[in-house]
Amino acid sequence: MTENAQSDMLSRLEVLANRALTLWDLPAGASAQLINLSENAVYLVEAAGGFKAILRIHRVGYHTARAIESELAWLDALTRESAVATPGYIRGKDGRALQKMGLTGSIAPRYMVLFHFINGSAPAEKRDRVADFQALGGIAAMCHQHALSWKKPVGFERPTWDLDTILGAQPTWGHWRDAPEVTAEVRATLNEVERVLRKRLTSFGKSPGRFNLIHGDMRLANLLVAGNQIRLIDFDDCGWGWLLYDFAAAISFIEDDPLVPVLKAAWIKGYRAYRALSAEEAEEMDSLVMLRRISLLAWIGSHIEAPEPQERAPGFAAATAELGERYLAFARKSDGESTPR
């Protein structure tokens, strides 16, 4: 998408966002302003008297209505059962949480949800990241415990994050081989990484205690901290996956940070305070980190029209291959040098 085309689309989405506010019973003069564009367009809604809300306009074709309603059902259950604090949402004038609107001849109808505005901010970079990751591990464990015991509603539908949907013939976020700067050398390394991932994660298995409902994007950026309260937001990627994929998501884009081993140890410590985690499971976290990194490479390629992927693309493929080399060394050591190059 060209810069002009993107600007035009954003302008039309802003028109849609503001027209869509009529679907809810909001204070007079409410208006929407774009604050984030990734899978979805997210707007801050404000009105006189200090009213604030968050409008999420879904990307066309990413989730079905049932899938979005299933996400909201889990949010309801987590809050109702005091498992984890999550944001609530505002029902429309028709009593439904999920709304739909488009612009005739301009934008096809899109699903949208209006969430309550939550005071707070993502953990600041100057905060103690080790302590934050320990807290994050505890939150992940509580979500997983809830997912394991929660009886899902009839028709519950969420995406799956596994070998097929990340590395298969029709991956959800596209093929990593189509991403920018995937040279022949990068491709050769990641082909071998993919082979090893398939072997190890197939052996690791999908028992319910290892593979279940996860948040799918549990990064510090998706925590809101206000005083002593921490809320988990943005369940848009929640779905079926390896439980420990939530750690892999937590270090998205910083997988090569020298502090990662320390953050991993802190996350595990926080996790084990609420749920058991075996040594075997902890060891396979490196495989899930590598799987997530490859999925992010694919995501950059399939979302290159958006600002964030454009910013991250330079050098990302080469850095992923470097991580891949380290992963292959880990796998060889783990397998007693049995993994061939």
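All values derive from a computational prediction rather than experimental measurement. (Residues numbered from 1 in each chain as written. Predicted model: local features only at pLDDT ≥ 70, side-chain atom pairs only at ≥ 80, totals over all residues. Heavy atoms only, no water.)

A. Fine view of the overall build of the chain. Counting its regular elements, the chain contains eleven helices and eleven strands. Here the C-alpha radius of gyration of the chain, 21 Å, is about what a compact globule of 341 residues would show, namely 20 Å. In terms of overall dimensions, the chain has C-alpha extents of about 65 × 45 × 45 Å along its principal axes. Scored against the burial criterion, the 341 residues of the chain give a buried share of 52%. Look at the contacts in the chain between residues 6 or more apart in sequence, and 73% of them connect residues 24 or more apart. Carbon and sulfur atoms provide 51% of the accessible area of the chain, an area that totals close to 15500 Å². Where the 39 positive side-chain charges of the chain centre and where its 42 negative ones centre are 4 Å apart. (Helix = DSSP H or I, 4+ residues; strand = E, 2+ residues; numbered from the N terminus. Rg over C-alpha atoms; globule rule 2.2 N^0.38 Å. Buried < 20%, exposed > 50% of the residue type's maximum accessible area, 1.4 Å probe, protein only. Contact = heavy atoms within 4.5 Å. Areas by Shrake-Rupley, 256 points an atom, 1.4 Å probe, with all protein chains shown as cover. Lys, Arg positive; Asp, Glu negative; His and termini not counted. Charge placed at Lys NZ, Arg CZ, Asp CG, Glu CD.)

B. Looking closely at the sheet that holds strand 8 (residues 211-214). A sheet is described by the order of its strands in space; here three strands give the open sequence 7-11-8, paired in mixed fashion. Two strands in the sheet have a free side with no partner beyond their single neighbour: strand 7 (160-161) and strand 8. Strand direction decides the pairing type here: strand 8 and strand 11 (residues 239-242), joined by four bridges, are antiparallel. Across the sheet, I214 pairs through a bridge with G239, a residue of strand 11. (Pairing = 2+ DSSP bridges.)

C. Geometry of the packing of helix 2 (residues 65-80) against helix 3 (residues 129-149). Running from N to C, helix 2 and helix 3 point in directions that differ by 110 degrees, and their axes come no closer than 11 Å. Put simply, helix 2 runs roughly perpendicular to helix 3. Contacts between helix 2 and helix 3 involve W74, A77 and L78 on the former and, on the latter, C143, H146 and A147. In the contact of helix 2 with helix 3, the residues fall into five nonpolar, one polar and no charged. (Axes fitted to C-alpha atoms, helices over the stretch in contact; angles between N-to-C directions. Parallel < 35°, antiparallel > 145°, perpendicular 65-115°, else oblique. Nonpolar A, V, L, I, M, F, W, Y, C, P; charged D, E, K, R; others polar.)

D. Broad picture of the layout of surface pockets. Of the voids in this model, the largest pocket is the one considered here, and its volume is about 1400 Å³. Forming the boundary of the largest pocket are 44 residues, of which R219, A221, N222, I233 and D234 lie nearest the centre. Elements with a minimum of two residues in the lining of the largest pocket: strand 1 (31-37), strand 3 (51-57), helix 2, strand 6 (107-116), helix 3, helix 9 (285-302) and helix 10 (307-312). For the lining of the largest pocket, the leading source of residues is helix 9, giving three residues. Class assignment of the residues belonging to the lining of the largest pocket gives a composition of 23 nonpolar, eight polar and 13 charged. Counted as a void, the second largest pocket has a volume near 380 Å³. (1 Å grid on protein atoms, 1.4 Å probe; cavity = no way out; pocket = protein on both sides within 12 Å on 5 of 7 lines; lining within 4 Å. Points joined across faces, edges and corners; volume = space filled by probe spheres on them.)

E. Region of the structure containing unusual backbone geometry. A positive phi angle is found at D234, which is not glycine, with a value near 55 degrees. The residue D234 is located in the loop between strand 10 (229-232) and strand 11 in this model. We classify D234 as partly exposed; its relative accessible area is 32%. Here the phi dihedral of F253 falls at roughly 75 degrees; this positive angle occurs in a residue that is not glycine. For F253, the position within the fold is in the loop between helix 6 (245-250) and helix 7 (260-272).

F. Geometry of the pattern of salt bridges. If you walk through the whole model with that rule in mind, you get 19 salt bridges. The residue E81 makes a salt bridge to R80 at a minimum N-O spacing of 3.7 Å. Judged by relative accessible area, E81 falls into the partly exposed class, the value being 41%. The partner of E194 in a salt bridge is R177, with the nearest N and O atoms 3.1 Å apart. With E194 in helix 5 (residues 184-204) and R177 in the loop between helix 4 (163-167) and helix 5, this pair connects stretches of sequence that are 17 residues apart. Classification of E194 as buried rests on a relative accessible area of 9%. Given a relative accessible area of 31%, R177 falls into the partly exposed group. Connected through shared salt-bridge partners, E39, R59 and E305 make up one network. (Salt bridge = Lys/Arg side-chain N within 4 Å of Asp/Glu carboxyl O.)

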